[in-house]
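Okay, here's what each chain looks like letter by letter:
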Amino acid sequence: MMARIIGGVATSHVPAIGAALDNGKADDPYWRPVFAGYEASKRWIAEQKPDVCIVVFNDHASAFSLELIPTFAIGCADTFEPADEGWGPRPVPSVSGHPELAWHLAEQLILDEFDMTIVNRMDVDHGLTVPLSLLFGQPSEWPCRVIPLAVNVVQYPPPTGRRCLNLGRAIRRAVEAFPEDLKVVVFGTGGMSHQLQGPRAGLINRDFDTAFLDRLVADPDGQAAVPHIDYVREAGSEGIELVMWLVMRGALDARVREAHRFYHVPASNTAVGHLVLENA
Ligand code: DHB
Ligand code: FE
């Protein structure tokens, strides 16, 4: 009777996707193909019925700022409210945490030498709420508990890909040491290639994105060795968000089954990428 990780979800978290849903534009010709790419995944997660989702995301100066920059922060609160990112909070449900599992993870991870920041109050921005919307649609309550795990990919230096992969492996050990029968899905969010500002704004690199997806599935250790500069050069300055997908990957078996893949351009200024992975 222990908790277990039943699968992993990776997805871009483009804020305009949330705005499209919230403003009733999901059926517009521009957005319909984006949401269509998530239909199979919505069925998958509805069948899996996870009790808890650990959502690895980055805060975009909503809860944190340059005053405080935790590399890895775990949300241990009962509730997390949608952040006001300048247009009012998104009209989505509050996020219910799982304080018992979150504190267990914090303890196990810190004793495992990952120096987590423990967060007892944090509003959650599009980095977390857009992935929930993509997988769960527009319910009046989110159908599972959510443990937010924030990674700094905004202010240099972010953690290395290797560190992220190893954190995922430590999360798996910690989940499997929690003495309650819980089904857990781990989300990695952000990416794919995107650069939001400067002369290269709008950069999309399909070849890099495809190679990343292939390698994340089949050769995570190889992908983990890729240095930051390669992401920034090839995938744009915000493409560095992709290192967060390695946390999700590390929480799964060495060999995984790719249950679903989706790649689509454009969505705002970015490429949308999405994977659903199961232990093989
Ligand atoms: C945008 C912002 C993001 O944080 C992101 O991951 C993708 C796109 C945007 O503003 O378009
Ligand atoms: Fe982002």
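About the thresholds
- Residues numbered from 1 in each chain as written.
- Chains lettered and ligands numbered in written order.
- Predicted model: local features only at pLDDT ≥ 70, side-chain atom pairs only at ≥ 80, totals over all residues.
- Heavy atoms only, no water.
- Near = heavy atom within 4 Å.
- Polar contact = N/O pair within 3.5 Å; in protein donor to acceptor, adjacent residues only side chain to side chain.
- Areas by Shrake-Rupley, 256 points an atom, 1.4 Å probe, with all protein chains shown as cover.
- Nonpolar A, V, L, I, M, F, W, Y, C, P; charged D, E, K, R; others polar.
- Phe/Tyr/Trp six-rings, centres within 6.5 Å; stacked < 30°, edge-to-face > 60°.
- Buried < 20%, exposed > 50% of the residue type's maximum accessible area, 1.4 Å probe, protein only.
- Helix = DSSP H or I, 4+ residues; strand = E, 2+ residues; numbered from the N terminus.
- Core = buried A, V, L, I, M, F, W, Y, C linked by side-chain atoms within 4.5 Å.
- Contact = heavy atoms within 4.5 Å.
- Salt bridge = Lys/Arg side-chain N within 4 Å of Asp/Glu carboxyl O.
- Disulfide = S-S within 2.5 Å.

### Structural notes on the site of ligand 1
Point 1. Every residue lining ligand 1 is accounted for by H13, V14, P15, H60, H126, H194, L196, E241, S268 and T270.
Point 2. Measuring from an oxygen atom of ligand 1, one finds a side-chain N or O atom of E241 at 2.9 Å.
Point 3. In the environment of ligand 1, an oxygen atom lies 2.9 Å from a nitrogen or oxygen atom belonging to the side chain of S268.
Point 4. For ligand 1, the protein covers 84% of the area, taking 290 Å² as the surface of the free molecule.
Point 5. A class-by-class count of the residues in the shell around ligand 1 yields three nonpolar, six polar and one charged.

### Observations concerning the packing of aromatic side chains
The description of an aromatic ring pair uses the distance of the two centres, along with the angle that the planes make with each other.
Point 1. Scanning the entire structure with this criterion turns up six aromatic pairs.
Point 2. Ring centres 4.8 Å apart and planes at 80 degrees place the aromatic pair Y30 and W31 in the edge-to-face group.
Point 3. A residue is classified by how much of its surface remains accessible, and Y30, at 36% relative accessible area, is partly exposed.
Point 4. When its relative accessible area of 9% is taken as the criterion, W31 is described as buried.
Point 5. The interplanar angle of 75 degrees and the centroid separation of 5.8 Å between the aromatic rings of Y38 and F262 together place this pair among those described as edge-to-face. Here F262 lies in strand β9 (residues 256–267) and Y38 lies in the loop between α2 (32–36) and α3 (39–48), a separation of 224 residues in the sequence.
Point 6. Note on Y38: relative accessible area 1%, which makes it buried.

### Brief notes about the nonpolar core
Point 1. Counting residues in hydrophobic clusters, the biggest one holds 56 residues, and the most contacted among them are I54, L105, L167, Y231 and W245.
Point 2. Broken down by element, the residue count for this core peaks at seven residues, all from helix α6 (residues 161–175).
Point 3. For L105, the residues in contact, after removing those within four places along its chain, are I54, I74, I147, I171, A174 and V175.
Point 4. Ranked by size, the runner-up nonpolar core spans 40 residues in total, among them I45, M122, V124 and W142.

### Brief notes about the pattern of salt bridges
Point 1. Under the definition given, this model contains 12 salt bridges.
Point 2. Ionic pairing is found between R173 and D112, a salt bridge with its closest N-O pair at 2.8 Å. Residue R173 is located in helix α6, and its partner D112 is located in the loop between α4 (99–111) and β6 (117–119); the two are separated by 61 residues in the primary sequence.
Point 3. R173 gets classed as partly exposed once you look at its relative accessible area, which sits at 48%.
Point 4. Linking E278 and R257 is a salt bridge whose minimum nitrogen-to-oxygen distance equals 2.9 Å. In this pair, E278 sits in strand β10 (residues 270–279) while R257 sits in strand β9, placing the two residues 21 residues apart along the sequence.
Point 5. Given the relative accessible area of 44%, R257 is considered partly exposed.
Point 6. Sharing partners across several salt bridges, the network here consists of R162, R169 and D221.

### Observations concerning the state of the cysteines
Point 1. For the coordinates displayed, the defined rule picks out zero disulfides.
Point 2. Summary of cysteine pairing: C164 is not part of a disulfide, and the nearest cysteine sulfur, belonging to C76, is at 19 Å.
Point 3. Relative accessible area serves as the criterion here: at 0%, C164 is assigned to the buried category.

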